[in-house]
Amino acid sequence: MDSLKKRYFIKLAKSSVSALINVLLLLFVPRVLGPAAYGNFNFIRDSFQSIIALSDLNLGSAHINHAARKESSQIASNVYFTYTLLVGIVVLLFLSIITLTDLDQYIFPGQESDYLFMGALMAYLMYLFTALMGLSDSKGATYGFESISIVIIFVLFGVLVALYLTDNLNLTTLFEQRISLYIILLGFGTWYLYRKINFRPRVVNLAQREIRTVIHEFFSFAHPLITLSEVGIFFGFFDRWFLQFIYGSVPQGFFSLAFSLSAIAGLFLTPMTPLLMQSVAKADEDKDLEGVRNAFEKVKLLYFVGVFLSIFFMFHTEEVIGLIGGDSYNAAKMTVLVMFLYPIHVVYGQFCGGVLIALRKTHLYRNIALVSAFIGIVITYILLAPKAFFIPGLELGSLGLAMKLVMVQLFSVTIQLYFVCKIVNVKMSHFLLSQLIIPIPVILVGFCDWLIRNYIELSLHGVFENVVSLTISMMLWSIVMGIVIWRFPRLIGLNKSTIRDTVKQVINKFKMVP
């Protein structure tokens, strides 16, 4: 099994590569496709991801939890991967029925059936790859699995760039490239796990007694989350569907761009959650409450990263839109600005939810999420519904959906944090205070940068001006915040000796051997 430090390093590398690739994609994909086609791509992809997640019934989380706790879990893995095949069959039948009966134009307004089938296949392949990645994390085979993934992602990104440079990038070729990417990732990922942990997925007879025992265990773990899956995912789909149905593909494209930009910060943070969940699950299995608390302390550093990236991009929203979308996305400025608030609490949301699941408090996790979902759908209607409706709304379009996500996330995360602190027996006020204090120096740096940029005009224009402005600002922000962290390391739960040791380790890893 790879060490936790080694797995953390490769996860950080993978998340950095994913963030870089996604940033590079945003530099030309939204501009080439335009708001309407870009909105269609994201609406189709996200809709089928919701449908597949609904069909999964959260058994994926049960499988990962089982595999992390049990050294031998081949039978359980066979059961889950047999179930994933059933999910694929269900999705195919669903799509076939709605296209034959023309219901697709009500469920997926304004979308062509060919793109629906391509989007469904892409989402299903993503689902299978996520299951493989979860298995590799639970078995400590993260390093090799993610190393292979990084190489493949770079190669297939090169294909997409070639399509762009040859003027062959459009909605069809974008779907084809993403499908090819996940087919190759699945092939090499399965091969690696076969060699590393002797993973040999087989279709099993779900009626056998031994298999039924595993299924019962999975559902015992996941059944509190099934209702959440059905209600929460439906409401999530409703948000995007309501936006598409009322406002069409262009506002969908605005929101998609805003969500993609806000997700850049999350790309650095999301991969850390499975590792922390595994640490918490292992500590809970060993009855080590102190181990759970130690994992909790690591959240401050990740929260700081989220705050830094979110606030930086909030102060540079205009440059970001000019660099990525161009003039056709100017109307999305306020939507993008609000969505940059979203990643700030991603860390606490993922960690608190992960802790509740790892500690098998799934009923509590479900209830919090259900309350948040019901509150969320009311807010969605109020903010998005046209003023001419029988029950009038504020008609805010993509901006309203962005506001809704931020408000509901803040509510949900705060409630989760309260219960996690109570279970782990730590002071909630300590973490609430850190959430308020950590953004202060970042905001102050932002205002200083804003004042300086108002007095200094670059003699550059267009995309190049935006690149130079963002690069210089990021360098200055990083230097200033580095000084602040060195002077006040306890702000993010560190101390100077830890920082010194980390810097020395990084230097030693990358030192050139003469």
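See above for the structure.
In this report, we go over the structure that sits alongside the text.

What counts as what
Residues numbered from 1 in each chain as written. Predicted model: local features only at pLDDT ≥ 70, side-chain atom pairs only at ≥ 80, totals over all residues. Heavy atoms only, no water. Helix = DSSP H or I, 4+ residues; strand = E, 2+ residues; numbered from the N terminus. Contact = heavy atoms within 4.5 Å. Phe/Tyr/Trp six-rings, centres within 6.5 Å; stacked < 30°, edge-to-face > 60°. Lys NZ or Arg CZ within 6 Å of the ring centre and 35° of its normal. Patch = residues over 30% accessible without salt bridge, like charges linked within 9 Å, V, L, I, M, F, W, Y side chains within 5 Å. Areas by Shrake-Rupley, 256 points an atom, 1.4 Å probe, with all protein chains shown as cover. Salt bridge = Lys/Arg side-chain N within 4 Å of Asp/Glu carboxyl O. Core = buried A, V, L, I, M, F, W, Y, C linked by side-chain atoms within 4.5 Å. Buried < 20%, exposed > 50% of the residue type's maximum accessible area, 1.4 Å probe, protein only. Expected span 1.5 Å × (residues − 1). Disulfide = S-S within 2.5 Å. Axes fitted to C-alpha atoms, helices over the stretch in contact; angles between N-to-C directions. Parallel < 35°, antiparallel > 145°, perpendicular 65-115°, else oblique. Left-handed = near helix turned anticlockwise from the far one by under 90°. Nonpolar A, V, L, I, M, F, W, Y, C, P; charged D, E, K, R; others polar. 1 Å grid on protein atoms, 1.4 Å probe; cavity = no way out; pocket = protein on both sides within 12 Å on 5 of 7 lines; lining within 4 Å. Points joined across faces, edges and corners; volume = space filled by probe spheres on them.

**Quick word on the overall build of the protein chain**
The secondary structure content of the protein chain amounts to 21 helices and zero strands. Taking the contacts inside the protein chain whose residues are at least 6 apart along the sequence as the reference set, 81% of them involve residues at least 24 apart.

**So, the packing of aromatic side chains**
In this structure the tally under the stated criterion is 31 aromatic pairs. These aromatic residues form a ring-pair network of at least three members: Phe 304, Phe 308, Phe 312, Phe 313, Phe 315, Phe 340, Phe 447 and Trp 477. Above the plane of the ring of Phe 488 lies Arg 487, whose end atom (NZ or CZ) is 5.0 Å from the centre.

**Topic: a nonpolar patch on the surface**
A cluster of nonpolar residues, Leu 86, Ile 89, Leu 93, Ile 97 and Leu 206, forms a patch on the protein surface that exposes about 440 Å² of accessible area. For Ile 97, the position within the fold is in helix H3 (residues 74-100).

**Some points on the nonpolar core**
Among the nonpolar cores identified, the biggest contains 148 residues, and Val 29, Phe 48 and Leu 261 are the most heavily contacted of them. The leading source of residues in this core is helix H1 (residues 4-56), at 16 residues. For Phe 48, the contacting residues outside a window of four places in its chain are Val 91, Leu 95, Phe 108, Leu 116, Gly 119, Ala 120 and Ala 123.

**Comments concerning the side chain of Gln 435**
With respect to the helices, strands and loops of the structure, Gln 435 is situated in helix H18 (residues 428-437). Residue classification places Gln 435 among the buried residues on the basis of a relative accessible area of 11%.

**Side note on helix H6 (residues 142-165)**
Because an α-helix completes one turn every 3.6 residues, residues spaced three or four positions apart along the sequence face the same direction. With 24 residues, H6 extends 34 Å from end C-alpha to end C-alpha; this agrees with the ideal 34 Å at 1.5 Å per step. Following H6 by one or two positions, Asp 167 has its phi on the positive side, about 60 degrees.

**Section: helix H15 (residues 346-358)**
A rise of 1.5 Å per residue sets the reference length of H15, with its 13 residues, at 18 Å; its end C-alpha atoms lie 18 Å apart and thus fit the reference within 8%. Extensive coverage of H15 is indicated by the burial of 11 of its 13 residues. Here H15 has its buried residues at Val 346, Val 347, Tyr 348, Phe 351, Cys 352, Gly 353, Gly 354, Val 355, Leu 356, Ile 357 and Ala 358. Two residues or fewer after H15 comes Arg 360, characterised by a positive phi angle close to 60 degrees.

**Things to note about the state of the cysteines**
Here, the word disulfide means a covalent bond between the sulfur atoms of two cysteines. Taken as a whole and assessed by the stated rule, the structure comprises zero disulfides. Here Cys 421 stays unpaired: no disulfide links it, and the sulfur of Cys 352, its closest cysteine neighbor, is 6.8 Å away.

**Re unusual backbone geometry**
A positive phi is found at Asp 167, a non-glycine position, where the angle reads about 60 degrees. Along the polypeptide, Asp 167 turns up in the loop between H6 and helix H7 (171-197). Using a relative accessible area of 70% as the deciding quantity, one classes Asp 167 as exposed. Even without being glycine, Asn 425 reaches a positive phi, approximately 65 degrees. For Asn 425, the position within the fold is in the loop between helix H17 (397-424) and H18.

**Things to note about the packing of helix H16 (residues 362-384) against H17**
Where H16 meets H17, the closest approach of the two axes is 9 Å, and the angle between their N-to-C directions is 160 degrees. Relative to H17, H16 is oriented roughly antiparallel. Both H16 and H17 take part in a crossing whose hand is right-handed. In terms of residue class, the contact of H16 with H17 is made up of 16 nonpolar, seven polar and one charged.

**Here's the deal with the pattern of salt bridges**
Counted according to the given criterion, the structure contains five salt bridges. Here Asp 46 and Arg 45 are joined by a salt bridge, their closest N and O atoms 3.0 Å apart. Under the relative-accessibility criterion, Asp 46 is labelled buried at 16%. The partly exposed category is assigned to Arg 45, whose relative accessible area is 21%.

**A short note on the layout of surface pockets**
What the second largest pocket holds in volume is close to 580 Å³. Glu 319, Arg 453, Asn 454, Ile 456 and Ser 469 are the residues nearest the centre of the second largest pocket, which is lined by 22 residues in total. Those elements that provide at least two residues to the lining of the second largest pocket are helix H13 (317-324), helix H14 (333-339), helix H19 (439-455) and helix H20 (462-487). Counting residues per element, the lining of the second largest pocket draws most heavily on H20, which supplies six residues.

**Some points on the side chain of Thr 84**
Examined against the element boundaries, Thr 84 turns out to sit in helix H3. Thr 84 has contacts with Tyr 124, Tyr 127 and Leu 128, leaving out every residue within four places of it along the chain.

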